[in-house]
Each structure stands twice: as structure tokens, then as C-alpha cells.
Amino acid sequence: MQLLDHVSITVTDLARATPFYEAIMSALGVSKAYEMDDAVGFGQRNRPDDDAHTYFSLFQSSAAAPDPRRHWCFRARSTAEVRAFFDAGLRAGGVADGEPGLRPDYHRAYFAAFLKDPEGNRVEAVFHQSDQPPPAADAKQSARP
Ligand SMILES: [Zn+2]
């Protein structure tokens with residue numbers, strides 16, 4: 001089940017935050033949905049009989065304040081996309097908050113990376129499938145005579 005239809009992230013300085021979100025969304029293959037003076041949207045809005053999408057808006061708000069316990073997690077389609085999300089975000093003014101890698105405490109294939117946007121909002125990208133051979137299996141085979 002796809003639980004979320006859309007979400008909004010708020011920032012005090014939209015002009016400063018927008019290049020960061022443009023970069024991470026592009027890395028995840030997500031296009032811009034709209035752009036206004038005080039908001040920018042990414043993803044795809046749901047429509048009648050075409051409702052399997054999610055989008056998010058980035059809104060300028062004087063009340064915006066980061067919360068270290070709040071985050072938004074975007075779906076990636078591969079571990080390479082998770083890495084691309086992380087690298088693109090760092091180049092566009094983000095701060096590393098968790099290197100790309102497996103988080104086996106969540107489940108065996110949970111591959112994620114974490115960033116803070118230029119205002120300190122936490123964002124994550126995750127891929128839930130294994131798209132790489134397990135390194136342990138390769139090491140075992142090559143160690144055999
Ligand atoms: Zn998360």
C-alpha cells in the first residue's frame with residue numbers, strides 16, 4: 001500500500017533550498033511538477049483513475065523550523081540512485097547525515113542514505129531490494145581450492 005499521497009516541506013529561504021531539492025529529485029529521476037513564487041513541487045499528482053503517484057511541495061514559510069526527529073524518505077530504484085541522491089545533495093548545499101549503505105537493523109536489503117537540506121531538514125533515500133550479489137558468497141567461493 002502506498003500510504004502517502006503528498007507531503008509538504010517548509011523552509012524559510014526557498015531560493016536557497018530549491019537547488020538542493022532540484023538536485024536530489026533529479027538524481028531519483030523525479031521531475032518538477034510546478035513552480036510558484038512561494039512554492040515548488042516535485043513528482044506527479046494523482047488524477048482520476050491514475051492515482052498511484054506521490055508528490056511533494058517545498059513551501060516558503062516564516063514559521064519553518066527543522067526538527068531532528070522528523071524526516072522524509074524518498075524511494076530510489078537502485079542502490080546507485082541512493083548514492084546519486086547523496087552525491088547530488090552534497091554538491092547542492094546539503095550536509096551528510098548518514099552515508100549510503102545497508103541498514104540491516106531495518107531489514108537485510110534496506111539500502112539508504114541521509115542528508116540535511118540547507119536549512120537542516122532531514123531527508124532520506126531508500127532502496128528495498130538487493131541489486132548486488134552478496135559479498136560474503138563471492139568471498140567464500142574464491143577462497144575454495
Ligand atoms: Zn527513514
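Residues numbered from 1 in each chain as written. Predicted model: local features only at pLDDT ≥ 70, side-chain atom pairs only at ≥ 80, totals over all residues.

S.K.: Just give me the short version of the overall build of the protein, but keep the residues and values in it.
M.R.: When you go through the protein residue by residue, the secondary structure sums to three helices and eight strands. Traced from its N-terminal end to its C-terminal end, the protein shows the element sequence β-α-β-β-β-β-α-β-β-β-α. Projected onto its principal axes, the C-alpha positions of the protein cover 65 × 40 × 25 Å. For the protein, with 145 residues in total, the buried portion stands at 25%. Contacts in the protein between residues far apart in sequence, at least 24 positions, make up 57% of those at least 6 positions apart. (Helix = DSSP H or I, 4+ residues; strand = E, 2+ residues; numbered from the N terminus. Buried ≥ 20, exposed ≤ 12 C-beta atoms within 10 Å, placed from the backbone. Contact = placed C-beta atoms within 7 Å.)

S.K.: I'd like a rundown of unusual backbone geometry, residues and numbers included.
M.R.: Residue D49 is not a glycine yet carries a positive backbone phi of 65 degrees. Mapped onto the elements of the fold, D49 is located in the loop between β3 (39-43) and β4 (55-60). Take D49: there are 5 C-beta atoms within 10 Å of it, and that puts it in the exposed class.

S.K.: Got a sec to walk through the confidence of the model for the protein? Specific residues and values, please.
M.R.: A low pLDDT means the predicted coordinates there should not be read in detail. On average, residues of the protein score 92 in pLDDT, and 90% of them reach the 70 mark or higher. Under a pLDDT of 50 for its full length, residues 139-144 has, in the predicted model, zero contacts with residues more than four places off or in other chains. (pLDDT = per-residue confidence, 0-100.)

S.K.: Just give me the short version of the packing of helix α1 (residues 14-27) against helix α2 (residues 79-91), but keep the residues and values in it.
M.R.: Running from amino to carboxyl end, α1 crosses α2 at an angle of 160 degrees, the nearest separation of the two axes being 8 Å. Taken together, the axes of α1 and α2 are roughly antiparallel relative to one another. Read as a crossing pair, α1 and α2 show a hand that is right-handed. Touching F20, A23, I24, S26 and A27 of α1 are E81, A84, F85, A88, G89 and R91, all from α2. Here the contact of α1 with α2 is composed, by residue class, of seven nonpolar, two polar and two charged. (Axes fitted to C-alpha atoms, helices over the stretch in contact; angles between N-to-C directions. Parallel < 35°, antiparallel > 145°, perpendicular 65-115°, else oblique. Left-handed = near helix turned anticlockwise from the far one by under 90°. Nonpolar A, V, L, I, M, F, W, Y, C, P; charged D, E, K, R; others polar.)

S.K.: Tell me about the sheet that holds strand β1 (residues 6-11), residues and numbers included.
M.R.: Spatial strand order, β1-β4-β3-β2: four strands in an open sheet with mixed pairing. One side of each edge strand has no neighbouring strand; the edge strands of this open sheet are β1 and β2 (32-36). Within the sheet, the average angular offset between the axes of one strand and its neighbour, ignoring direction, is 15 degrees. The sheet contact formed by β2 and β3 spans four bridges and is antiparallel. Within the sheet, the bridge partner assigned to M36 lies in β3 and is A39. Each of β1, β3 and β4 is contacted by α1, which is oriented at about 160 degrees to β4, the strand it contacts most. (Pairing = 2+ DSSP bridges.)

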